[in-house]
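Listed below, chain by chain, are the residues.
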Amino acid sequence: MREYLMPIFMVASLALAGCNQSKSPEDVSKDVAKAEQKASNEVAKSEGRAQSALDKSYEKVNDQEIKFNNDAAHQTYNVAIAKADGNRKVAMATCESQSGDAQKACRDQAEADYKAARADARALAEAAVQQK
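Numbers given to residues run from 1 along each chain, matching the order in which its sequence is written. Where local features are concerned, this predicted model is filtered to residues with pLDDT of at least 70; where side-chain atom pairs are given and counted, the filter is 80 or more; whole-chain, interface and lining totals use all residues. By convention in this description, side-chain values take in all heavy atoms of the structure and omit both hydrogens and water.

Some thoughts on the overall build of the protein
Then step 1. Helix and strand counts for the protein come out as 3 helices and 0 strands.
Then step 2. Ordered by position from N to C terminus, the α and β elements of the protein give α-α-α.
Then step 3. Across the 132 residues that make up the protein, the buried fraction comes to 8%.
Then step 4. Summarising the internal contacts of the protein: among those between residues at least 6 apart in sequence, 63% fall at separations of at least 24.
Then step 5. The accessible surface values rely on the Shrake-Rupley method and a 1.4 Å probe; as for residues, cover is taken only from the protein chains in view. Carbon and sulfur atoms form 58% of the exposed surface of the protein, whose accessible area is close to 11,100 Å². Runs of E in the DSSP output that reach at least two residues are strands. Runs of H or I that reach at least four are helices, and both are numbered from the N terminus. Any residue under 20% of the maximum accessible area for its type is buried, any over 50% is exposed, and the rest in between are partly exposed; the area is computed with a 1.4 Å probe on protein chains only. Any two residues whose heavy atoms approach within 4.5 Å are treated as being in contact.

Quick look at the structure:
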């Protein structure tokens, strides 16, 4: 049995000794180049996926920003119309203190001011509304 064990140990020790030997400079250079290329490809793929994700997020944020700005323009329009209505009511109440042609002229002016204020509010709102 000893006869068989000795050759087995010799072969095993030679095989293990071969595992720790260094590679030739050409082989090392090739391995390094392959590793660098693989790393470069992985980085490029990762950057591509990151850019795609950021683009999608930007589109969502941009859509939300447009919606917010349009809502703000609409609410600004509503406030301007409310002010115009209030000013008209005050002007009409003031016109009640007059009579005849002066009262008619006062009411006409109040209506003209009201229509102008509404037109201004509409123009500002339309200018502020953003399109996609």
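Moving on, there is more to tell.
Digging into helix α3 (residues 100–128)
Then step 1. Each helix should span, by expectation, one fewer than its residue count multiplied by 1.5 Å. Between its terminal C-alpha atoms α3 stretches 42 Å, which fits the 42 Å expected from 29 residues at 1.5 Å a residue.
Then step 2. By the burial criterion, the buried members of α3 are Gln-103, Ala-110, Tyr-114, Ala-121 and Ala-125.
Then step 3. Buried positions along α3 lie against α2 (25–95).

A few points about the pattern of salt bridges
Then step 1. For salt bridges, the criterion is a side-chain nitrogen of Lys or Arg within 4 Å of an Asp or Glu carboxyl oxygen. This structure, assessed with the given rule, holds 4 salt bridges.
Then step 2. Of the charged contacts, one joins Lys-67 and Asp-71 as a salt bridge, the two residues approaching to 3.1 Å between their closest N and O atoms. Highlighted residues: Lys-67 and Asp-71, both in helix α2, separated by 4 residues, approximately one helical turn.
Then step 3. Since its relative accessible area comes to 46%, Lys-67 is described here as partly exposed.
Then step 4. The partner of Glu-96 in a salt bridge is Arg-107, and the shortest N-O contact between them spans 2.7 Å. Of the two residues, Glu-96 sits in the loop between α2 and α3 while Arg-107 sits in helix α3, which places them 11 residues apart along the sequence.
Then step 5. Of the residues examined, Glu-96 reaches a relative accessible area of 48% and is grouped as partly exposed.

Concerning the state of the cysteines
Then step 1. Here, two cysteine sulfur atoms that lie within 2.5 Å of each other are counted as a disulfide. Taken as a whole, this structure holds 1 disulfide when the rule is applied.
Then step 2. Here Cys-95 connects covalently by a disulfide to Cys-106, the sulfurs 2.0 Å from one another. The sign of the -80° torsion about the S-S bond sets the Cys-95-Cys-106 disulfide as left-handed. In this pair, Cys-95 is assigned in helix α2 and Cys-106 in helix α3, connecting sequence segments 11 residues apart.

Quick look at the environment of Ile-66
Then step 1. Here Ile-66 lies in helix α2.
Then step 2. Residue class for Ile-66 comes out buried when judged on its relative accessible area of 10%.
Then step 3. C-alpha of Ile-66 to C-alpha of Val-129: the two residues are 63 residues apart in sequence and 8.3 Å apart in space.

Details of the side chain of Gln-103
Then step 1. Mapped onto the elements, Gln-103 comes out in helix α3.
Then step 2. Residue classification places Gln-103 among the buried positions, given a relative accessible area of 17%.
Then step 3. Distance and chemistry together define a polar contact, namely a pair of N or O atoms within 3.5 Å, with one atom able to donate a hydrogen and the other to accept it when in protein, and with adjacent residues in sequence counting only for side-chain atoms on both sides. Within polar-contact distance, the side chain of Gln-103 engages the backbone oxygen of Gln-98 at 3.4 Å.
Then step 4. The residues touching Gln-103, leaving out its near neighbours within four places in the chain, are Cys-95, Glu-96 and Gln-98.

Interpretation in functional terms is not warranted from these geometric data alone.
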